[in-house]
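Letter by letter, the chains look like this.
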Amino acid sequence: MIKKISAICIILLCFFTSKAFSENKFGIELGWAHLPGFEDEVMDTGQSLANALGTTVTVETDTGALVLRGFYQAELDGPMGYEIGAFISSDVETKYSITGASITMTQDTTGIDAALLYEVTDGIIIKGGFHSSEVDGEATVSLGGQSAAVTANDSGTGILFGIGSENNNSQFNYSLTYYDGLGGSDDSDATLFSVKYSF
């Protein structure tokens, strides 16, 4: 919960910051994150329910989520720079169904991140850093009188790396970033493709 409140506050700060900081950049990033680790986990949960119930459990799950991120970017010496940010995702919904019954659970992710930036050529940057994030969701899914555990309120740190455009003549740029170990889980990663708007 603390990470979620912090992420929202930083995003709002970036959105309402004046252009007086034009030497460096504040901005908003909106994109789509592919979350294969979430899909693997809910499939495992569905299998656990099927084993306990002795019947087939149908699992329908989102494969990704919208992500909103606020960021601050500043220059260092030469082609180097750094960026700090905070992000929050939309809900990832999963529906478990058997004949005559179903239940839907949701999970979301919030976090903060920091990365070093390096301009490899004019208009193209690479970045590498770390994140601290939290996955929030139901602890237990119950269906047909049986239950199975699901990741809930897990938090932890992981690495990130990515590539993006950096056109100083435009307020819009693009980014592709890989986040490893969301919520501190080895199986929960995300690949985020996003559009960035700088103030």
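Structure: above.
Remember, predicted model here, so these are calculated numbers, not experimental data.

K.L.:
Explanation requested: the overall build of the protein chain in the structure shown.
P.N.:
A tally of regular secondary structure across the protein chain gives two helices and 12 strands. Moving toward the C terminus, one meets the helices and strands of the protein chain in the order α-β-α-β-β-β-β-β-β-β-β-β-β-β. For the protein chain, buried positions account for 45% of its 199 residues. Taking as baseline every contact in the protein chain between residues at least 6 positions apart, the subset at least 24 positions apart corresponds to 63%. Of the roughly 10100 Å² of accessible surface on the protein chain, a fraction of 57% belongs to carbon and sulfur atoms.

K.L.:
What exactly am I supposed to notice about the packing of aromatic side chains here?
P.N.:
Think of a pair of aromatic rings as described by two things: how far the centres are apart, and how the planes are tilted against each other in angle. Under the definition given, this model contains six aromatic pairs. Ring geometry for Phe 87 versus Tyr 179: centroids 5.3 Å apart, planes at 55 degrees, classification tilted. Residue Phe 87 is found in strand S4 (residues 80–89), and its partner Tyr 179 is found in strand S11 (residues 172–179); the two are separated by 92 residues along the sequence. On the basis of relative accessibility, which here comes to 5%, the residue Tyr 179 falls in the buried class. Ring plane angle 85 degrees and centroid distance 5.4 Å describe the contact between Tyr 197 and Phe 199, whose orientation is recorded as edge-to-face. Among the aromatic side chains, those forming a connected cluster through ring pairs are Phe 26, Tyr 72 and Tyr 82. Its end group placed over the ring of Phe 71, Lys 196 keeps NZ or CZ at 4.6 Å from the ring centre.

K.L.:
Can you help me understand the pattern of salt bridges in this one?
P.N.:
Side chains that differ in charge, positive against negative, can pair when their charged atoms come close. A full pass over the atoms with the stated rule returns six salt bridges. The salt bridge involving Glu 29 is made with Arg 69; its shortest N-O contact spans 2.6 Å. In this pair, Glu 29 is assigned in strand S1 (residues 25–34) and Arg 69 in strand S3 (residues 64–75), connecting sequence segments 40 residues apart. Across this residue pair, the class does not change: Glu 29 and Arg 69 are buried. Between Lys 196 and Glu 83 there is a salt bridge; the shortest N-O distance is 2.9 Å. With Lys 196 in strand S12 (residues 190–198) and Glu 83 in strand S4, this pair connects stretches of sequence that are 113 residues apart. For Lys 196, a relative accessible area of 7% gives the class buried. Each member of the salt-bridge network shares a partner with another, and the members are Glu 29, Arg 69, Glu 83, Asp 113, Lys 127 and Lys 196.

K.L.:
Where do I start with a negative patch on the surface in this structure?
P.N.:
Where like charges cluster on the molecular surface, the negative patch consists of Asp 40, Asp 44, Asp 186 and Asp 187. Judged by relative accessible area, which is 48%, Asp 40 ranks as partly exposed.

K.L.:
Help me out: how do you make sense of the nonpolar core in this one?
P.N.:
Inside soluble globular proteins, nonpolar side chains tend to come together where they are buried. Judged by nonpolar contacts, the single largest core of 14 residues is most densely connected at Ala 33, Leu 35, Phe 38, Tyr 179, Leu 182 and Ala 190. Elements with a contribution of two residues or more to this core: S3 and S12. Once residues within four sequence positions are removed from consideration, Tyr 179 is found in contact with Arg 69, Phe 87, Asp 113, His 131, Ile 159, Leu 160, Asp 189, Ala 190 and Leu 192. Of all hydrophobic cores here, the second largest spans 11 residues; its members include Val 42, Leu 49, Val 57 and Val 59.

So, how was this worked out
Residues numbered from 1 in each chain as written. Predicted model: local features only at pLDDT ≥ 70, side-chain atom pairs only at ≥ 80, totals over all residues. Heavy atoms only, no water. Helix = DSSP H or I, 4+ residues; strand = E, 2+ residues; numbered from the N terminus. Buried < 20%, exposed > 50% of the residue type's maximum accessible area, 1.4 Å probe, protein only. Contact = heavy atoms within 4.5 Å. Areas by Shrake-Rupley, 256 points an atom, 1.4 Å probe, with all protein chains shown as cover. Phe/Tyr/Trp six-rings, centres within 6.5 Å; stacked < 30°, edge-to-face > 60°. Lys NZ or Arg CZ within 6 Å of the ring centre and 35° of its normal. Salt bridge = Lys/Arg side-chain N within 4 Å of Asp/Glu carboxyl O. Patch = residues over 30% accessible without salt bridge, like charges linked within 9 Å, V, L, I, M, F, W, Y side chains within 5 Å. Lys, Arg positive; Asp, Glu negative; His and termini not counted. Charge placed at Lys NZ, Arg CZ, Asp CG, Glu CD. Core = buried A, V, L, I, M, F, W, Y, C linked by side-chain atoms within 4.5 Å.

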